[in-house]
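Working through the structure, step by step
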Amino acid sequence: MDKYLIGELAGRVWSLLNEDNRKWEFAEIQKALKMDDKELAAAIGWLAREDKVQFELDKKRGKAYLYLMPNVYIG
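Residues numbered from 1 in each chain as written. Predicted model: local features only at pLDDT ≥ 70, side-chain atom pairs only at ≥ 80, totals over all residues. Heavy atoms only, no water.

Focus: the overall build of the chain
Assigned secondary structure in the chain consists of three helices and three strands. What you see in the chain, going N to C, is helices and strands ordered as α-β-α-α-β-β. For a compact globule of 75 residues, the expected C-alpha radius of gyration is about 11 Å, and the chain comes in at 13 Å, within 12% of that figure. When the backbone C-alpha atoms are referred to their principal axes, the chain occupies close to 40 × 35 × 20 Å. For the chain, the share of sequence-separated contacts (at least 6 apart) that also reach a separation of at least 24 residues comes to 48%. By element, 52% of the accessible surface of the chain is carried by carbon and sulfur atoms, the whole surface being about 5,500 Å². (Helix = DSSP H or I, 4+ residues; strand = E, 2+ residues; numbered from the N terminus. Rg over C-alpha atoms; globule rule 2.2 N^0.38 Å. Contact = heavy atoms within 4.5 Å. Areas by Shrake-Rupley, 256 points an atom, 1.4 Å probe, with all protein chains shown as cover.)

What follows is the structure, encoded as structure tokens:
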């Protein structure tokens, strides 16, 4: 998998999260975008590196969530 494909996958994930601004489970994203584990992991890594997404772990339910992180800078 090259960086151009990863960037394209990251764009698809970002678009999905941006369309419906809520907390998404990883399995929901995979199903909606028809991505395998490696593709989704690479896309999320790209977005995380750019500080575009936020992660939340619900230990009680054993679920992990992903959502967009607002880029707000106060200078």
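Some thoughts on the packing of helix α1 (residues 3-19) against helix α2 (residues 26-33)
Remark: α1 packs on α2, axes separated minimally by 11 Å, with the N-to-C direction vectors making an angle of 110°. It follows from the interaxial angle that α1 and α2 lie roughly perpendicular. You can see that α1 and α2 cross each other, and the crossing is right-handed. Contacts from R12, V13, L16 and L17 in α1 reach I29, A32 and L33 in α2. Counted by class, the contact of α1 with α2 contains six nonpolar, no polar and one charged residues. (Axes fitted to C-alpha atoms, helices over the stretch in contact; angles between N-to-C directions. Parallel < 35°, antiparallel > 145°, perpendicular 65-115°, else oblique. Left-handed = near helix turned anticlockwise from the far one by under 90°. Nonpolar A, V, L, I, M, F, W, Y, C, P; charged D, E, K, R; others polar.)

Some words on unusual backbone geometry
Of note in the backbone geometry, K34 takes a positive phi value of approximately 55° without being a glycine. The topology assignment puts K34 in the loop between α2 and α3 (37-49). With a relative accessible area of 73%, K34 lands in the exposed category. With a phi close to 55°, D51 is a non-glycine residue in the positive phi region. The class of D51 is partly exposed, set by a relative accessible area of 42%. (Buried < 20%, exposed > 50% of the residue type's maximum accessible area, 1.4 Å probe, protein only.)

Quick notes on the nonpolar core
The biggest cluster of nonpolar side chains holds 16 residues, and the ones touching the most others in it are V13, L17, I29 and L66. Elements represented by at least two residues in this core include exactly α1, α2, α3 and β3 (63-68). Aside from chain neighbours lying at most four places away, what touches V13 is I29, L33, M35, L40, A43, L47 and L66. (Core = buried A, V, L, I, M, F, W, Y, C linked by side-chain atoms within 4.5 Å.)

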